[in-house]
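Below, each chain spelled out in residue letters.
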Amino acid sequence: AEDLLSDIDSILKRQRLTPTEVTNIVVSAGPGSFTGIRIGIATALGFAAGLGITPTQISLFEAMLIASGLESPAITAVPAGRGMVQFAVLALSVDAIKYTIEPKAILAAELIASPDLKSFEYFVVFDGHFDDEILADFQGSLITIGETPATTLVAAANDHRVRKNVEPILISKG
């Protein structure tokens, strides 16, 4: 959070853009930490207001599913710290993304061992975000996304199936 504005400035300089040339702002609606999601959304709203544009908030889970290219139901998950993981089960159709299991938090070990989740063949994660020990216990196919979460969000923002301007996904760990 403390580097967010300087990171935005660095990206603009690297792309040789001025802030007034920005025509679209995409921000994660989560999952993520309460503070991180709120800071991201507040920054996007402030930046967008200054430019007279509307930012697009989308679910990281939906962006992950789009990036995976899967149409079958898949578990999408991101680490939440202290051995916890935030996950949802989603599937793509021609015109929408449907949640089989709504976003929730669970211990990582319980996620892999859950009998309710063993029926899902695919597990979608960002490369390097989970310990290999946890992933080794998953019996299905592991799909790793090599792009950063930010790049994944931007790429998914133009997909017509992704819900736009969703409410933030703030998941309680307890």
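Residue numbering note: each chain is counted from 1, following its sequence as written. Residue-level local features of this predicted model are given only where pLDDT is at least 70; pairs of side-chain atoms are given and counted only at 80 or more, and the full residue set underlies all totals for whole chains, interfaces and linings. To get the side-chain values, take all heavy atoms of the structure and skip hydrogens and water.

Draft legend 1. Region of the structure containing the overall build of the protein. Helix and strand assignments come from DSSP, with helices taken as H or I runs of at least 4 residues and strands as E runs of at least 2, each series counted from the N terminus. Assigned secondary structure in the protein consists of six helices and seven strands. The order of α-helices and β-strands along the protein, N terminus first, is α-β-α-β-α-β-β-β-α-β-α-β-α. With the C-alpha coordinates of the protein rotated into their principal frame, the extents come out at 50 × 35 × 30 Å. For the protein, with 174 residues in total, the buried portion stands at 42%. Contact definition: two residues touch when any of their heavy atoms are within 4.5 Å. Once local pairs closer than 6 in sequence are excluded, the contacts in the protein between residues at least 24 apart make up 59%. Values of accessible area rely on a 1.4 Å probe in the Shrake-Rupley scheme; residue burial ignores everything except the protein chains shown. Carbon and sulfur atoms make up 52% of the accessible area of the protein, which amounts to about 9,700 Å² in all. Residues scored as positive are Lys and Arg, those scored as negative are Asp and Glu, and His as well as the terminal groups of each chain are ignored. By convention, the charge on Lys lies at NZ, on Arg at CZ, on Asp at CG and on Glu at CD. Across the protein, the mean location of the 12 positive side-chain charges is 5 Å away from that of the 20 negative side-chain charges. Under the scheme applied here, a residue whose accessible area is under 20% of the maximum for its type counts as buried, over 50% as exposed, and between as partly exposed, the area being computed with a 1.4 Å probe on protein chains only.

Draft legend 2. Examining the layout of surface pockets more closely. Reported here for the largest pocket is a volume of approximately 1,400 Å³. Forming the boundary of the largest pocket are 38 residues, of which Leu4, Ile11, Val26, Val27 and Ala150 lie nearest the centre. Elements represented by at least two residues in the lining of the largest pocket include exactly α1 (4–14), β1 (26–28), α2 (34–51), β3 (74–81) and α6 (149–156). When residues in the lining of the largest pocket are grouped by element, the largest group, seven residues, is from α2. Among the residues making up the lining of the largest pocket, the classes are represented as 24 nonpolar, eleven polar and three charged. Grid points spaced at 1 Å and placed over the protein atoms alone form the basis of the search, with a cavity being a set where a 1.4 Å probe fits but cannot get out and a pocket an open set showing protein on both sides within 12 Å along at least five of seven lines. Lining residues have an atom within 4 Å of a point. Grid points are joined across faces, edges and corners, and a volume is the space filled by probe spheres set on the points. Each residue is assigned to one of three groups, with Ala, Val, Leu, Ile, Met, Phe, Trp, Tyr, Cys and Pro labelled nonpolar, Asp, Glu, Lys and Arg labelled charged, and all others, Gly among them, labelled polar.

Draft legend 3. Layout of the pairing of strand β4 (residues 84–92). Within β4, nine of the nine residues are buried, leaving the element largely enclosed by the surrounding structure. At least two DSSP bridges between two strands are required for those strands to pair. Of the pairings in the sheet, the one linking β3 to β4 comprises seven bridges and is antiparallel in character. The residue of β4 that forms the bridge with valine 78 is glutamine 86. The antiparallel pairing of β3 with β4 creates a hairpin that spans two residues between the two strands, and arginine 82 there sits at a positive phi of about 55°. Across eight bridges, β4 lies against strand β5 (residues 97–107) in antiparallel orientation.

Draft legend 4. Broad picture of a negative patch on the surface. Only residues whose relative accessible area exceeds 30% and that form no salt bridge enter a patch; like-charged residues are grouped when within 9 Å of one another, and nonpolar side chains (Val, Leu, Ile, Met, Phe, Trp, Tyr) when within 5 Å. Any carboxyl oxygen of Asp or Glu within 4 Å of a side-chain nitrogen of Lys or Arg constitutes a salt bridge here. Residues Asp131, Asp132, Glu133 and Asp137 make up a contiguous surface patch of negative charge. Along the chain, glutamate 133 turns up in helix α5 (residues 132–136). Residue classification places glutamate 133 among the exposed residues on the basis of a relative accessible area of 68%.

Draft legend 5. Seen up close, the pattern of salt bridges. Evaluated as defined, the whole model comprises three salt bridges. Arginine 161 serves as the salt-bridge partner of aspartate 159, at 2.9 Å between the closest nitrogen and oxygen. The residues aspartate 159 and arginine 161 share a single accessibility class, namely buried.

Draft legend 6. Just unusual backbone geometry, in detail. Proline 31 follows glycine 30 through a cis peptide bond whose omega is 10°. By the secondary structure assignment, proline 31 is in the loop between β1 and α2. A positive phi angle, close to 55°, is found at arginine 82, a residue other than glycine.

Draft legend 7. Representation of the nonpolar core. Core analysis: the largest hydrophobic core is formed by 23 residues, its most contacted members being Ile58, Phe61, Met64, Leu65, Leu90 and Ile97. At the level of secondary structure, the elements contributing two or more residues to this core comprise α3 (60–68), β3, β4, β5, β6 (122–126) and α6. Sort the elements by how many residues they give to this core and α3 lands first, with six residues. Residues contacting phenylalanine 61, with those up to four places away along its chain left out, are Gly30, Pro31, Thr76, Ala77, Val78, Gln86, Phe87, Ala88, Leu90, Tyr99 and Pro103. Each nonpolar core is a collection of buried residues, namely Ala, Val, Leu, Ile, Met, Phe, Trp, Tyr and Cys, held together in the definition by side-chain atoms within 4.5 Å. Ranked by size, the runner-up nonpolar core spans 17 residues in total, among them Ile75, Phe87, Leu111 and Val125.

Remember that the coordinates give geometry; whether it matters functionally is a separate question.
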